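For reference, the chains in residue letters:
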Amino acid sequence: MATPNHRLPTWTVATIGTSVEGRPIERLDSRPDRVRCHVVVVCGVHGDERAAADLADGFGRIDRPDDLHLTIVPLLNPDGWSAETRNNARDVDLNRNFPWGWPRRPDSGAGPASEPETRAAMLLLETTLPDLVVWVHQPLNYVAALRGCPDRYADIWSEVAGVPVRRNLVQVGGGESWVDRRLGVPSMLVEVGGTLADAAGVDAHVAALEALVSAVRPA
Ligand SMILES: [Zn+2]
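Our subject in this report is the structure included herewith. (Residues numbered from 1 in each chain as written. Predicted model: local features only at pLDDT ≥ 70, side-chain atom pairs only at ≥ 80, totals over all residues. Heavy atoms only, no water.)

### So, the nonpolar core
Inclusion rule: For the purposes of this section, nonpolar cores are sets of buried Ala, Val, Leu, Ile, Met, Phe, Trp, Tyr and Cys residues that join through side-chain atoms within 4.5 Å. In this scheme, a residue with accessible area under 20% of its type's maximum is buried, one over 50% is exposed, and one in between is partly exposed, where area comes from a 1.4 Å probe on protein chains only. The secondary structure listing takes helices from DSSP runs of H or I that are at least 4 residues long and strands from runs of E that are at least 2 residues long, numbered from the N terminus.
In this structure, V41, F59, L132, V134, W157 and M188 are the most contacted members of the largest nonpolar core, which totals 35 residues. Looking at this core, the elements that each hand over two or more residues are β3 (37–42), α1 (52–59), β4 (68–73), β5 (132–137), β6 (142–145), α4 (151–161), β7 (187–191) and α6 (199–215). Counting residues per element, this core draws most heavily on α6, at 6 residues. Core analysis: the second largest hydrophobic core is formed by 26 residues, I25, L94, A121 and L189 among them.

Right, here's the structure in full:
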C-alpha cells in the first residue's frame, strides 16, 4: 500500500446535494494548481454494498500524479447506507434512475432522474466533465470499460485487482451508462467481490486505482 503523497494538495470537502432524508452528499477533492487530468470516483450508490466506506477511504490515500485532480464521492446514497438498504429512502435503485434508457420498473423511480441523489451526481459530472468516471459497486467481481472508455483502463484494473474484465456492459438507467452515452465521458464500472467489507479485496482495488490514475490521459 502506498503512502500518501504529501507534495499534493490536501483534500477539500464540499456538498453536491442532499438525499431524500436531507443527508449531505459529499465530494472530496484533491486539486492541484495545474491540472492535466480529472478523475471522479463514485462509491456507495447502493447502501448495502458495505465495502464502500473502506474503499473510499483507501482511494483517498493513493499516491497520485501531482497534476491529477481526483474527486471522490464516498457515499452517493447516504440514506441507504444509514438503513443498510440497496435503494434510497424512497426505495428507488439509483442505478436504474439515470436518464439513459430509463427502465419503467417498480424501483426505478417516478421518472428519469426523479431522485435527488441521481441529480446530485449528474450535476457534478455535467459541470466538471472529467476525463474518467469510475463507479464502484459490489459484489459481482468484475471490471468493465463502457463503450467510449479505453479497454486498457479496465485491463490495468483487472491485472492489479485480480478481477475479470466484462466486455460490452450496458445497463439501462445506470449512472455508468448515462455518463458514457449522454456525456461522452469515459466511464468504468468496478464490481468488488464479497458482500461484506474485505480488507484484502479493498487493498487490491485501492492499488488498482493507484495504477490507473498514472495511466489516464486527457479524454
Ligand atoms: Zn451496486
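Additional details are given in the paragraphs that follow.
### Quick look at the coordination of the zinc ion
What counts here: The donor set comprises N, O and S atoms within 2.8 Å of the metal, extended to 3.2 Å for Na, K and Ca; water molecules are omitted, so apparent gaps in a site may simply reflect that omission. Geometry is assigned from donor-metal-donor angles: four donors are tetrahedral when every angle falls between 85 and 135 degrees, four are square planar and six octahedral when opposite donors sit over 155 degrees apart with all other angles between 65 and 115, and any other arrangement is irregular.
At the metal site, the zinc ion is ligated by H46 (ND1), E49 (OE), E49 (OE) and H137 (ND1), and these contacts range over 2.0 to 2.5 Å. Taken together, the 4 donor atoms coordinating the zinc ion and their angles of 56 to 151° define a geometry best described as irregular.

### A word on the sheet that holds β4
Neighbouring strands of a sheet are bound in pairs by backbone hydrogen bonds; such pairs are parallel or else antiparallel. Stated precisely, the cut-off is as follows: Here, strands pair whenever DSSP counts at least two bridges between them. The axes are straight lines fitted to the C-alpha atoms, using for helices just the contacting stretch, and the angles between their N-to-C directions are given from 0 to 180°. Here a residue-residue contact requires only that any non-hydrogen atoms of the pair lie within 4.5 Å.
Spatial ordering of the open sheet is given by β1-β2-β4-β3-β5-β7-β6, a layout of 7 strands whose pairing is mixed. Edge positions in the sheet fall to β1 (12–18) and β6, since each of these pairs with one other strand and no more. Across this sheet, the average inter-strand angle for adjacent strands is 20°, counted without regard to direction. Bridge count between β3 and β5: 4 bridges; the pairing is parallel. Residue V40 lies in a different strand from β5, and its bridge partner there is V133. Against the sheet, α1 contacts β3, β4 and β5, and its axis sits at roughly 165° relative to β4.

### Some words on α1
To be explicit about the condition: To be clear, the arc concerns the directions from the helix axis to the C-beta atoms.
Among the residues of α1, A52, L55, A56, G58 and F59 are the ones counted as buried. Looking straight down α1, one finds its buried side chains confined to an arc of 160°; they lie on one side.

### Regarding the packing of helix α3 (residues 116–128) against helix α5 (residues 175–183)
The test is simple: Left-handed is the label given to a crossing in which the near helix is rotated counterclockwise from the far helix by less than a right angle, and right-handed is the label when the rotation is clockwise. Three categories are distinguished: nonpolar for Ala, Val, Leu, Ile, Met, Phe, Trp, Tyr, Cys and Pro, charged for Asp, Glu, Lys and Arg, and polar for the others, with Gly belonging to the last.
Put simply, α3 and α5 touch, their axes get as near as 12 Å, and they point 35° apart. Viewed along their axes, α3 and α5 form a crossing whose handedness is right-handed. For the pair α3 and α5, the contacting residues are M122, L125 and E126 in the first and W178, V179 and L183 in the second. Partitioned by chemical class, the residues of the contact of α3 with α5 number 5 nonpolar, no polar and 1 charged.

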